[in-house]
Structure formats: structure tokens, C-alpha cells
Amino acid sequence: MNIKLTASVLAIAAAATSAAARDNVQVAGSSTVLPYASIVAEAFGENFDFPTPVVESGGSSAGLKRFCQGVGEEHTDIANASRAIREKEIAACAENGVTDIIEVRIGYDGIVFASQLDGPAYTAFTPSDLFNALAPKVVVDGELVDNPYTQWADFNADLPAEDILAFIPGTKHGTREVFEEKVIAAGCEATGAMEAMIASGMSEDDAEDACLAVRTDGKSVDIDGDYTETLASIEANTNAIGVFGLAFYENNTDTLKVATMDGVEPTTETIAAGDYPVSRPLYFYIKKAHIGVIPGLKEYATFFVSDEIAGPDGPLSEYGLVSDPELAQTQGIVADEVTMNEGM
């Protein structure tokens, strides 16, 4: 064990030394975190004697995959994520020498359901509505059947008699995981579909997996790109709804209108109060081996979580980020370079 550990440490040190050839911070990941990281990167470049960090999108899973590929100048320094890093991703990182990871929670965001401003009146949803619209199998008259619904009003007379069409985040996006957990899975249970699956002979684990499936007949469309692609799809389809982060919606209210979820409108206030049911924490992950090697890395992270930037009166709040009430603790984690394994 000692021999392996020593070899790993040497490999990291050698790779980190080679990283000195690069002088700018490189960031990739969540399209939800992208606008916040871009704001911070631009302000950082304007106010510090370091090059402006390069911030790319691609989704939480894709960003973390790149992050975990190794240590050195050819690998990213930071992964943005709209969900927490998974155990299998931590394991993949470790296999490639990325053993010291600093988790930074920047605040909270809500997942909203929005449609064309001049389109049908999708003003109120419940998780049951989204499940009935998008699941391949639903409960009708007490029986689990192939989804027969083609219009929203088919299962809820209070919704428009419009063809079902939803543009949802693809599986590589952290938004998809939260959408599945807090909307689709909740709707599966609320409609009795999960109970019906188990009654049909499925194990509880298999039923939970089946609950997360979406129909493949064109009513539900995965969007693998960022929210601008979802917005373009909405603009091209009058009756469609899309899944967005709150910040993106708030910056596109001239073309989009938002629905309530369980009767609660998504706002920074309702998310901060814990009233809006579809919200999640946002993160970025730092490769500690690159601190002190890639110029400006720690300074960028420190600047990002400062009161002036991520606090309730900072520019990120104005853009839709719900400030973390435990921001001071996060600032301490960054200042002291506390890794995830140290925090356990």
C-alpha cells in the first residue's frame, strides 16, 4: 500500500509540474453553472493579474469525466456541476491519480418548466402531470398500460388540449438527475404507477428504475446541448414546454413564461425559503494538485465564493443564483483547501 501511495504521489507531482506550462484556469461542465462561472471568469480577468479563465459547457457528467481523466496541463482544473459528484466518478478520478478533490457549493438553483410567452397556458403542473405526459407506462383505471395520452388535457382537464411535447435535459446533464428524482419519480409514486409495477412482480429496485423511463414516441425529446438549444426548440414549437434552470429562464422572460409546481412559483425567494419543490445545490470541483501550479486557480475559486460575488447582494444573485446560507463555511473550505476525503 505504501509503495502504491508513494508512486501515486510522485505521479501527481510530476504531472503537476508539467502543468506550469499553462497559465490560465480551465473549467468545464454544467450548462446551469456556465453563466455564473462565465460572469465570475470575466470579472476575475478584469480585476486580477491573471488571464481570464476559460469556461466551457457540455453538461455535469461530461465535465466531471474530463476532470477525472488525470492531473497535468492537458486536463481541466475545475468541473462545474449541477449535482453532487457520484461515488463512481470519485473512483474514476482516483484511478487516474486525481485523489484530492475540493467540493465547492456555490448556492442553489431551481428547475423550471417554461413555454412560449404567447403559447398555450401551461400555468400549473404537478409531478403527476409530468409523469403522465412523459412516462412510457401509466396507470389508467387502476391498470398499468402503455401511455395512451397524446394531449395534456387527456389526463388533466385543467391543462390545455394541446399535443404533448417536452424538451428535457439529456442524460449527461445534472439537471436530468434532479428532474428524474424530484419530478418523474415523485409523479410515478403519486399516480400509483410504482405500486402497480411492484404488484406486477417487479422488485422495488427495478420499479424505481422503470419509474425514471421516458417515452420514445417523440413526445419527450432529450436535449444534449445547453439551454440555448432548448430555447430554440421551444421557439420552433408553439405548444412545447422545456426544462430550464431558473437563472436562464429569468434572463429570457421576454420569450418564455413559467409554470408553477405544486402551486408554487419558482423564484429566488421561494427557493431560498425551501418552498419550491424542484431545486438543487450547485457545485464546482477543484483539482487540488493544480493549486499553486496553475496560476490564479485558488484566487479564482476564492473570488467566486466571496461575499461580494456569491453573497445575497452579489452579481450572481442578481442573475438568479440563490445564495448559500452556509457560504462562510464554503469560503473556509476553499481557503484551507479542504478535500472531500478530509471533510468525511
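Provided above is the structure to which this section pertains.
Residues numbered from 1 in each chain as written. Predicted model: local features only at pLDDT ≥ 70, side-chain atom pairs only at ≥ 80, totals over all residues. Heavy atoms only, no water.

Colleague: I'd like to hear about the overall build of the protein chain, residue by residue, with values.
Modeller: A tally of helices and strands in the protein chain yields 16 helices and 13 strands. What you see for the protein chain is a C-alpha radius of gyration of 22 Å, in line with the 20 Å of a compact globule of 344 residues. Taken along its principal axes, the extent of the C-alpha atoms in the protein chain is 65 × 45 × 35 Å. Expressed as a percentage of the 344 residues in the protein chain, the buried residues total 51%. Nonlocal contacts in the protein chain, meaning residues at least 24 apart in sequence, comprise 74% of its contacts between residues at least 6 apart. Only carbon and sulfur atoms are counted for the fraction: they give 50% of the accessible area of the protein chain, which is about 14,900 Å². Here the protein chain contributes 19 positive and 55 negative side-chain charges, whose respective centroids are spaced 7 Å apart. (Helix = DSSP H or I, 4+ residues; strand = E, 2+ residues; numbered from the N terminus. Rg over C-alpha atoms; globule rule 2.2 N^0.38 Å. Buried < 20%, exposed > 50% of the residue type's maximum accessible area, 1.4 Å probe, protein only. Contact = heavy atoms within 4.5 Å. Areas by Shrake-Rupley, 256 points an atom, 1.4 Å probe, with all protein chains shown as cover. Lys, Arg positive; Asp, Glu negative; His and termini not counted. Charge placed at Lys NZ, Arg CZ, Asp CG, Glu CD.)

Colleague: Can you tell me about helix H12 (residues 297–304), naming the residues and giving the values?
Modeller: The complete set of buried residues in H12 reads Leu297, Tyr300, Ala301, Phe303 and Phe304. Burial along H12 is one-sided: seen end-on, the buried residues are contained in an arc of 165°. (Arc of directions from axis to C-beta.)

Colleague: How would you sum up the nonpolar core? Please name residues and give values.
Modeller: Within the largest apolar cluster, 52 residues are counted, with the highest numbers of intra-cluster contacts made by Phe113, Phe125, Leu130, Leu134, Trp152 and Phe244. Top contributing element to this core by residue count: helix H6 (residues 174–190), with five residues. Once residues lying within four places of it in the same chain are set aside, the contact partners of phenylalanine 244 are Gly110, Ile111, Val112, Ala114, Tyr227, Thr230, Leu231, Ile234 and Leu256. Val33, Val104, Phe303 and Leu327 belong to the second largest nonpolar core, which has 33 residues in total. (Core = buried A, V, L, I, M, F, W, Y, C linked by side-chain atoms within 4.5 Å.)

Colleague: Run through empty space enclosed by the protein, naming residues and quoting values.
Modeller: Gaps between atoms show up when a probe of the same size as a water molecule is rolled over them. Evaluated as defined, the whole model comprises one cavity of 30 Å³ or more. In this model, the largest cavity occupies a volume close to 50 Å³. Lining of the largest cavity is provided by Ser31, Ile168, Pro169, His173, Thr175, Ile223, Gly225, Tyr227, Thr230 and Val243. At the level of secondary structure, the elements contributing two or more residues to the lining of the largest cavity comprise strand E8 (166–169) and helix H9 (227–235). Among the residues making up the lining of the largest cavity, the classes are represented as five nonpolar, five polar and no charged. (1 Å grid on protein atoms, 1.4 Å probe; cavity = no way out; pocket = protein on both sides within 12 Å on 5 of 7 lines; lining within 4 Å. Points joined across faces, edges and corners; volume = space filled by probe spheres on them. Nonpolar A, V, L, I, M, F, W, Y, C, P; charged D, E, K, R; others polar.)

Colleague: Give me the lowdown on the packing of helix H2 (residues 34–47) against H12, citing residues and values where you can.
Modeller: Think of two packed helices as two axes; the pair is described by the angle between the axes and how far apart they sit. As a packed pair, H2 and H12 sit with axes 10 Å apart at the nearest point and diverge in direction by 120°. Handedness of the H2/H12 crossing: right-handed. Note on element contacts: H12 touches H2 through Glu299, Tyr300, Phe303 and Phe304, opposite Tyr36, Ala37, Val40, Ala41, Ala43 and Phe44. A breakdown of the residues in the contact of H2 with H12 according to their chemical character gives nine nonpolar, no polar and one charged. (Axes fitted to C-alpha atoms, helices over the stretch in contact; angles between N-to-C directions. Left-handed = near helix turned anticlockwise from the far one by under 90°.)

Colleague: I'd love a proper account of the pattern of salt bridges, names of residues and values included.
Modeller: Within the structure shown, the criterion is met by 13 salt bridges. Across the salt bridge formed by aspartate 324 and arginine 105, the nearest N and O atoms sit 2.5 Å from each other. In this pair, aspartate 324 is assigned in the loop between helix H14 (315–318) and helix H15 (327–336) and arginine 105 in strand E4 (residues 101–116), connecting sequence segments 219 residues apart. By relative accessible area, arginine 105 is classed as partly exposed at 21%. Lysine 298 serves as the salt-bridge partner of glutamate 337, at 3.0 Å between the closest nitrogen and oxygen. On the criterion of sequence distance, the pair formed by glutamate 337 in the loop between H15 and helix H16 (340–343) and lysine 298 in helix H12 is long-range, its members being 39 residues apart. In this structure, a network of salt bridges that share partners links the residues Arg83, Arg86, Glu89 and Glu177. (Salt bridge = Lys/Arg side-chain N within 4 Å of Asp/Glu carboxyl O.)

Colleague: A description of the packing of aromatic side chains should follow, citing residues and the corresponding values.
Modeller: Tallied over the full model, the rule gives 20 aromatic pairs. Between the aromatic rings of phenylalanine 284 and tyrosine 300, the centroid separation amounts to 6.5 Å while the plane-to-plane angle is 40°, which identifies the pairing as tilted. Here phenylalanine 284 is found in strand E13 (residues 279–287), whereas its partner tyrosine 300 is found in helix H12, with 16 residues between them in sequence. Cluster of aromatic residues (ring-pair linked, three or more members): Phe44, Phe48, Phe50, Phe284, Tyr300, Phe303 and Phe304. (Phe/Tyr/Trp six-rings, centres within 6.5 Å; stacked < 30°, edge-to-face > 60°.)

Colleague: I'd like to hear about the layout of surface pockets, residue by residue, with values.
Modeller: Considered as a void within the structure, the largest pocket measures approximately 250 Å³ in volume. If you list the elements that add at least two residues to the lining of the largest pocket, you get E4, H15 and H16. The element contributing the most residues to the lining of the largest pocket is E4, with four residues. As a volume, the second largest pocket reaches approximately 150 Å³. If you trace the second largest pocket, you find 14 residues lining it, with Ser31, Leu34, Pro35, Tyr227 and Phe248 closest to the centre. Looking at the lining of the second largest pocket, the elements with two or more residues in it are H2, H9 and helix H10 (246–250).

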